[in-house]
Structures are given as structure tokens and as C-alpha cells.
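# Chains, contacts and geometry: an overview
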Amino acid sequence: MARQAVDSEKFQKVLKRAQERFKRCEAWESYARRLFMDDIRFANADSDNKYQWPTRMWNDRQRDERPALTINKTRQHNLNIINDAKMNKPGIKYRAAGNGATAESARIWDGIARHIEYQSNAPAHYDYATTFQVEAGIGYLRVNTDYVDENSFDQEIYITSIADPLTVYLDPDAKAPAKEDARFAFIFEDMPKEVFDQKYPQYKQYVGQEVLVGEKGWFDEDHVRVAEYFEAEDVNDELLMFDGPDGQPMTLMASDLRKVDPKSEIFDNPQTRKRTVTRRNIHYHLIVGNHVIQEEERIWIGKTIPIIPVIGEETIIEGRLDRKGHTRAMKDPQRMYNYWASAAVEYGALQSKTPWIVGVESVEGFEEYWATANRQNHAYLPYKSVGDDGKPLPPPSRIEPPVPSPVALKGMEVANVEMQMVSGQYENQLGQQGNERTGKAIAERQRQGDRATYHFIDNLAIAIRQIGIIILDLVPKVYDTNRIITILAENNESLEVKLDPQLRQAHMLELNENNEVIGRVLNPAVGKYEVMSDVGPGYATRREEAFNALTLILTQNPGLTSIIGDIMFRAGDFPMAEEAAERLKRMVPPQALGQGPSQNEQMLGQQLQQMQQALQATMDELAKEKGKSQARLEKREVEVYDAITKRLDVLIKNVGLTAPQTNLLSDQAVQESTEVPISDTYEGHEDQMPGRGELQDHEIPFGGTRAPDGNVYAPHPEMPGVLTRVTKEI
């Protein structure tokens, strides 16, 4: 739907309020803006525009054909700060501060901020604002939202700069460092009517129509003012706390709940906690001439006006505002330098360049020689030594060559020193060699210059921190549906993150069956974060420093190559560095990568290994003892077998058995030896006897016999078929 002018009483009040506030801003900033223009011109002066010369003095010198030189040393002093800010650009950093936020979710927020900066080309906008800050005292940044493309309803967040800082007015009553407490702001442009008609043909019909009687308005016969107008409105509301569907406490604004369910039981539930709060709505209006142009009343989704000043120095003296950059204090020393440089040139230019003084009579007839003496290398220069009257003539004499003006050179030297003193930047910081020789002395001199101008970098960091706060506020409102975005890690590696507004926690890792991370999920509406601005070298600079440091470490201790060699190559900025890093990483022990057993597990493993060694030693000892026991048993078997054999011999000889009885007894002995292993005889039982002694023959028990070894063997009383050695109790 095409935009239309809204002439209702409500918007007439908006227009009147805007015009009154605009006049107030004009009066408040008039002095600062006049000096802003003078400073910006002075900082960008050159030999053509002559901005560093007062107009009247320049005209006088031109009329008298006197030199008026512009040696713009101020520019180099300013660039020293601007380029340092480019090399050490502040970055947005988030820190988890409760309500479910974690260190990992804070790192994802860092990546989201870098993604927004990347897609906005934010570093270029930071540099643009910094240039105005240093040269003239103030630059502006802006945060805006827009659709991703013409085929999408998804929006993105963008950071931009404002081309002309003089087209911005902020609430004079704003006191916060980044002016986040401003209640209104303007971004305006006064353009010629013909330019307006070409740029905004859809609004052409509204120009020239008076709305406010008696008011000149924002247009005249030649120009039309187009302004974006932000104004804050404080609205009373009620904060509700109640139990959600899962039993967890939830907080919600009463106005938001009424939009969804005006008759919700939560309002009348006695368990619902209520608190009166004041929230701020930021209204946005587009004003063309004397008309408020809009499709519908728009409310900026953020909590603060998204215009961020980058201030150099701001002072209020006797109720008058002044802003200044680095240029202001250098204007007089710069003028001194220009004046003395011009005087030195003028002094030298006015001196004679003729090297000889001669009498006319002395060179009469030789004029051709003397006229060409400065172009040709004559063997000699003839002259007349005697005049026509016979009197001697003085010879030609050579005059002193032109000399520089001592006072002018001294003045240039003094002016140069004054510029260094007021800027805090000395020659060695501008590329000239100083007296410092040691690294510590050079670093100390560098820190001295940094301290003198650090307030510019610090104020830039304050502005970028405010951008981080605005991003923290906008992301849950802009990324309010499930979507996958690509964020940037600190090393510019791209990572995909799924945004899920329904996730109950701030952050979740998606793992595969091997517990490897395959995805990250973030709910930007959960968690509380603090925003910091990290001032220091950029990642590329720090990576180079890391590469040099690691190279030095490995040079002194090559054995660490298998531990940190891959990190060194990953910090390198040359072809195939990544490939070398990947190969070296395969050589790194798992423990160094945090993939091996923990320290406790390693200790337990060592203890287990020691126990296994002790167990093996015990088993070896048992095997050795078993071998000894087996040898004793085998020996005992032989002894028992011999005893049985000898017993048979005794029985046969002494008892006088017949041949059949002898055969029967032999068969029984053989059968006993086969059915009951002789190895079952053992000595263990004798150890259980209370005492030992030698048995007499009349003491031999029934069935027992004395063996050739002198011992008596008898059937075991508890183990049939087993013979045991019998000893006498003592």
C-alpha cells in the first residue's frame, strides 16, 4: 500500500512537537556545529583548497604575489589515531550473566554479532564514524532492520554509518555515554526541490500544503526537509509472574497477554504475582515538509533509539555545548608552521640569484662570455683591467649565495615541537627514529602516545558496546521463528546454528551416536548476558603474533612439535598451512587433545597394571612351588611303589605262601596300585600330627608295614585306598 499523508489531530501534534524539538536542538548545537565545519575543513586542507588559511590573509597574499603554503601535518597526526583504530578495532563480546546463559551460548552470541558485522560491512562504517570523531569531534552509527531479500519475510539486522553527522540531532537532555537515554532524535536532509521531486516523486503532491497555521514549516521556496523522527513514549504496564504449563514460573507483560487472551484466568488468579512497571515504546515517523507520511503507525522494536554517537570530546561550559576532535588543539601550531614555512620560502625567493658583480667598463667587449657564464663552462672569463683613461679597473667580484632565514627556520622548528606537544604524538611515533634503543624504551614511548589519544579509542568502544546491547535486544525479536543462520567464529570459520524460540534452555548441542557435535541450537530469548567491548589487536594481528611465538618455542624445544606443531601451522598465513596442520594433528597424542583417559583414569590404569604385575609374580611363584611339589610327589610315588614291592617280597619269603596265594596277593597289589594312584599318598597328614617319633615293630598298626626307607605306611583311616605315613605321637 502506498504511503499517505496523515493529517489527523494526533499527527498534527506529532509534527508540532517535532518542529519545536528541532528548533531546540538547533539552538543547543549551533556553536558546536559551526566549529565542527571549521575543524573538518582544517583537517582536510591542502594546497588547492587553502582551508588552513584565513580568507582575508589568503587574498592579501594572492594580491601581493606572496607565497601561502599549506604543509598539512595535522592530517598525519589524525591518521595516526584513525589507522590505529582500524588495526585495533573494538569488538563486541558477550558474557553469560545468569538465567540459564552459559559460556558456550555467550560464544554463539559473539558469533551472531560477528555475522551481523560481516553482512553489514560494519568495520568500514566504524572507520567512517571514527574519521569524523577524530577530525571534528563526532560521528554517528545506526542499527536498522530490513528484509533479507525481495522473496523472503525474514529480516536481518544491519549496522550502518550516517554520511553527514550534521544531519543528526539527538535529545539535548541525554546524559548517558552513548546517549541511550535519548527521548527523541532526528535524521534529516534539506534538499533542493528539484532533487526532492526526483528522489521522492510519491510525496511531491504534499509539498507546499500548509498544515500548521502560522508556522513556516520545514520547506521554503527552494528546499524541502525530509526527516526520520524517533520519539520515546513511556507506557505504564504490569509484569505478571505465574506458573507455566510445565510448572515452571513464567513472566509476561499484561499488555502482551491481553493481545493473545484478553479474558485469561491468569489476571484473576490469586497465585499470580503482579508488579507495576514502566516500559518505553519508540515511535518512528517519516516527515516530509509539513506532513507526517506513513503507511501505519510504526513502533521501533528496540528499547532505545538506534542512533549511536561516536564522540571525541564533549564539554558544556557556561551552558554552551562544544564538541572537538584531535584537530582543534592543533590548529594554531599548524598555522604557525604554515606561516613560517611561507616566510622561509619568501625570504629565499627574494634574494638575488646573480653570482657576480662587475663594472660595465670591465666587461666591455666581453659581454658574450659573462652572459653565458651560468650556462657554459668557459675556460676563463676575460675582463678589462685598465680603462680607456689608463686607470686600473676593479676585477669582477663573486657575491655570497642566498641564505635561509634563521628566524623562519627556528619558527618552523618551534611550531613542529608545539604540534607534537599538543597532540601527544612525537616524531618516533610518526615514523622517525628517536633516541630509544631498547625494546622496553620503544614500547614505553608508544604507550605514552597511546595514552595521550586513548580517549578516542575508548569512546569508539563505548559506541560499539551500545551496538552490542541493541543487537542483544533485537535478535530475539527479529529471529523469532525457527531458522538456521550462519555465524562466524573468531577465526572467521563459518558455523551453522539453529535458532529455536521454543527451546527451554539457552543452548543445546546435538550429538550423533559417537557423541560428536553435529549441531548447535540456541534460544536467543533465554539467558541474561553482559556486553563488553574488547579493545585490542584484530584476529589477524594476534594470529601473526601467535605464529611467531610458537615458532620461537619450537625452535628452542623441537620435541614439542608433536604436541603443538599443528597449532603453529594453523596460525600461519601461507599456502598449505592448513594441510600441514591436519597432518601434524594426526601425530598428537590423544591425551594432549583431551580425547584420552583423564588423569584419574590414568592413575587407575597404572594401579591396575601394578596389580597385574604382582598377580603375575604370584602366579609364577605358585607355578614354581607346584613344580617342587610335583617333584616330591613323583619321588614319593617311587618310594611307595618300592615299599609295596618289598612288602610282597617279605610276605612271600617269611609267611611261606603257596604259589596261588602269592599270585593272588600280587594281583591285589597290582590292582591297588592301578585303582588308587600312589600319588595320593602325601605328607600333609603328618604335619597335622601333634608330635613325631619312631614306631617300634610291635606298635605297627594292623595292615601297616615298614618300608625300606624306615617309615611305616598304613591305610588312611578317612581316605580308602590311600596309604599314609604313620608317626608316633609324642
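Structure shown above.
Let us look at the structure shown here. Just so it is clear, the model here is predicted, and its values are computed rather than measured.

Criteria and cut-off values
Residues numbered from 1 in each chain as written. Predicted model: local features only at pLDDT ≥ 70, side-chain atom pairs only at ≥ 80, totals over all residues. Heavy atoms only, no water. Pairing = 2+ DSSP bridges. Helix = DSSP H or I, 4+ residues; strand = E, 2+ residues; numbered from the N terminus. Axes fitted to C-alpha atoms, helices over the stretch in contact; angles between N-to-C directions. Contact = heavy atoms within 4.5 Å. Expected span 1.5 Å × (residues − 1). Buried < 20%, exposed > 50% of the residue type's maximum accessible area, 1.4 Å probe, protein only.

Across the sheet, which stays open at both edges, the three strands sit in the order 4-3-11 with antiparallel pairing between neighbours. The outermost strands of the open sheet, each flanked by one partner alone, are strand 4 (155-161) and strand 11 (307-311). On average, adjacent strands in this sheet sit at an angle of 20° to one another, irrespective of strand direction. Of the pairings in the sheet, the one linking strand 3 (residues 138-147) to strand 11 comprises five bridges and is antiparallel in character. Paired with Tyr-140 across the two strands is Pro-309, which belongs to strand 11. Across the sheet, helix 5 (residues 122-136) touches strand 3, strand 4 and strand 11, and the angle it forms with strand 3 is around 155°.

Time to look at the side chain of His-125. Tracing the chain through its elements places His-125 in helix 5. When sequence neighbours within four positions are dropped, the list of residues in contact with His-125 reads Ser-120, Leu-141, Ile-159, Thr-160 and Ser-161.

Here the focus is helix 10 (residues 406-423). Taking 1.5 Å as the rise per residue, helix 10 with 18 residues should run 26 Å; its terminal C-alpha atoms sit 26 Å apart, in good agreement. All of the buried residues along helix 10 are Ala-408, Gly-411, Met-412, Ala-415, Asn-416, Met-419, Gln-420 and Ser-423. Looking at the residues trailing helix 10, positive phi occurs at Gly-424, about 75°.

With that out of the way, let us pick up the sheet that holds strand 16 (residues 483-488). Ordered by their spatial adjacency, four strands build an open sheet running 16-17-19-18, and the pairing between neighbours is mixed. Both edges of this open sheet fall to strand 16 and strand 18 (507-511), since each of them pairs with a single strand only. Sheet twist, expressed as the average angle between the axes of neighbouring strands with direction ignored, equals 35°. Here strand 18 pairs with strand 19 (residues 517-522) via five bridges, running antiparallel. Across the sheet, the residue bridging to Leu-509 is Arg-520, located in strand 19. Here helix 4 (residues 103-120) sits on the sheet and contacts strand 16, strand 17 (494-499), strand 18 and strand 19; the angle it forms with strand 16, its principal contact strand, is near 85°.

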